[in-house]
Amino acid sequence: ILNEDHFILFRPKEMVSGDFYFADQKNGKKIIASVDCTGHGVPGAFMSLLGYSFLKEIIKSIEPLEPNLILDTLRDHIINSLHQTQEIGTGKDGMDISLCIIDEEKQEIHFSGAYQIMLFIRNGNITRYKGDKMPIGIHYNKQSSFSKEIIKYNKGDEIYLLSDGYIDQFGGPKNKKFRLKKLERILTDIFTESMVSKKSTLTKTFDEWKRGNDQLDDVVMIGLRL
């Protein structure tokens with residue numbers, strides 16, 4: 001589904017991960033997502049298995065194939081399967097996700113996000129698409145449908161989907177969070193490099209930033225040149 005014009009940077013905090021990446025295709029369109037489930041280790045891995053199987057099932061059956069409808073349906077599945085309610089003290093497990101559908105025929109990206117972003121890069125210039133401020137799971141805003149962005153792309157443009165594990169990692173000379181702006185600067189600086197080289201640079205940068213600190217969270221990042 002993906003090709004040599006992509007990389008996946010996947011660094012679980014423990015042996016198993018609450019973050020996962022997802023790729024599928026339907027009707028000639030590519031579906032790609034980065035997903036950050038509540039927790040890490042075994043509890044996070046359980047949510048990952050649930051989320052992955054639900055996504056496969058939803059994409060197979062849903063029409064029309066749109067990212068916001070996929071997220072709406074995924075949220076319903078998670079709330080129902082975990083028997084979530086609005087009552088205080090009940091479980092609020094869920095997941096954050098950025099999901100895009102790539103229509104190569106129309107050269108369009110259809111993007112929706114739940115507390116996650118997509119970075120779109122053209123000629124080294126970055127546009128940040130933020131998604132909605134609500135999770136896949138129970139939420140006071142749960143009746144709201146997820147929104148959708150449609151982005152026209154040109155050959156050679158790039159997209160990045162990521163969980164917050166990379167940018168929230170503590171380290172550096174002042175032991176602070178890495179931050180999204182720093183990642184955007186790096187992606188701008190290395191825009192002309194190959195995707196293999198970019199993964200190498202981003203991996204090395206992350207390891208050097210940690211400076212001996214424990215890894216804070218699971219990390220997943222997908223880079224794709226269109």
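Treat the numbers as computed from the prediction; the structure is a model and nothing was measured. (Residues numbered from 1 in each chain as written. Predicted model: local features only at pLDDT ≥ 70, side-chain atom pairs only at ≥ 80, totals over all residues. Heavy atoms only, no water.)

*Asks:* Outline the overall build of the chain, supporting the account with residue identities and numerical values.
*Replies:* When its secondary structure is counted, the chain shows 4 helices and 12 strands. Burial analysis of the chain (226 residues in total) assigns 50% to the buried set. For the chain, the proportion of contacts with a sequence separation of at least 24, taken over those separated by at least 6, is 71%. Here the chain has roughly 11200 Å² of accessible surface; of this, 50% comes from carbon and sulfur atoms. (Helix = DSSP H or I, 4+ residues; strand = E, 2+ residues; numbered from the N terminus. Buried < 20%, exposed > 50% of the residue type's maximum accessible area, 1.4 Å probe, protein only. Contact = heavy atoms within 4.5 Å. Areas by Shrake-Rupley, 256 points an atom, 1.4 Å probe, with all protein chains shown as cover.)

*Asks:* How would you explain the nonpolar core if you had to name every residue and give the values?
*Replies:* Counting 26 residues, the largest nonpolar core has Leu 55, Ile 70, Leu 74, Ile 97, Leu 99 and Ile 136 as its most contacted members. Breaking this core down by element, the ones donating at least two residues are strand E2 (19-26), strand E3 (29-37), helix H1 (41-61), helix H2 (67-81) and strand E4 (95-103). Counting residues per element, this core draws most heavily on H1, at 6 residues. Counting residues in hydrophobic clusters, the runner-up holds 22 residues, among them Phe 7, Ile 117, Phe 191 and Phe 206. (Core = buried A, V, L, I, M, F, W, Y, C linked by side-chain atoms within 4.5 Å.)

*Asks:* Hey, could you go over the side chain of Lys 26 for me, with residue numbers and the actual values?
*Replies:* If you trace the backbone, Lys 26 turns up in strand E2. Classification of Lys 26 as buried rests on a relative accessible area of 13%. At 3.3 Å, the side chain of Lys 26 and the backbone oxygen of Lys 60 are in polar contact. Side chain to side chain, Lys 26 and Glu 63 meet in a polar contact 3.3 Å long. Apart from residues lying up to four places away in sequence, Lys 26 is in contact with Ile 31, Ile 59, Lys 60, Ser 61, Ile 62, Glu 63 and Leu 65. (Polar contact = N/O pair within 3.5 Å; in protein donor to acceptor, adjacent residues only side chain to side chain.)

*Asks:* I'd love a proper account of the pairing of E3, names of residues and values included.
*Replies:* Judged by how many residues are buried, E3 sits mostly within the fold: 8 of 9 residues are covered. Here E2 pairs with E3 via 8 bridges, running antiparallel. Residue pairing in the sheet places Ala 23 in a bridge with Ile 32 of E3. If you look at the hairpin formed by E2 and E3, you'll find 2 residues sitting between the two strands, and Asn 27 has a positive phi there, around 50°. (Pairing = 2+ DSSP bridges.)

*Asks:* Describe the sheet that holds strand E6 (residues 118-122), listing the residues and the values that go with them.
*Replies:* Spatial strand order, E1-E12-E9-E6-E7: 5 strands in an open sheet with antiparallel pairing. On the outer flanks of this sheet lie strand E1 (6-11) and strand E7 (125-129), each paired with one strand and no other. Within the sheet, the average angular offset between the axes of one strand and its neighbour, ignoring direction, is 15°. Inspection of the sheet shows E1 paired to strand E12 (residues 219-225) by 6 bridges, in the antiparallel sense. In the sheet register, Leu 9 faces E12, and the bridge partner there is Met 221. Its contacts with the sheet put helix H4 (residues 195-210) on E1, strand E9 (158-162) and E12, and the angle it makes with E1 is roughly 25°. (Axes fitted to C-alpha atoms, helices over the stretch in contact; angles between N-to-C directions.)

*Asks:* Could you give an account of the packing of aromatic side chains, with specific residues and numbers?
*Replies:* Applying the stated rule across the entire model yields 7 aromatic pairs. Measuring from ring centre to ring centre gives 6.0 Å for Phe 20 and Tyr 52, while their planes differ by 65°; the resulting arrangement is edge-to-face. Placement of the pair is Phe 20 in strand E2 and Tyr 52 in helix H1, with a sequence separation of 32 residues. Between Tyr 166 and Phe 206, the aromatic rings sit 5.0 Å apart at their centres with planes inclined by 35°, giving tilted as the arrangement. You can see Tyr 166 sitting in the loop between E9 and strand E10 (170-171) and its partner Phe 206 sitting in helix H4, a full 40 residues away along the chain. Note on Tyr 166: relative accessible area 1%, which makes it buried. Taken together, the ring pairs connect Tyr 166, Phe 178, Phe 206 and Trp 209 into an aromatic cluster. The ring of Phe 178 has Lys 182 sitting right over it, with the charged end atom 5.8 Å from the ring centre. (Phe/Tyr/Trp six-rings, centres within 6.5 Å; stacked < 30°, edge-to-face > 60°. Lys NZ or Arg CZ within 6 Å of the ring centre and 35° of its normal.)

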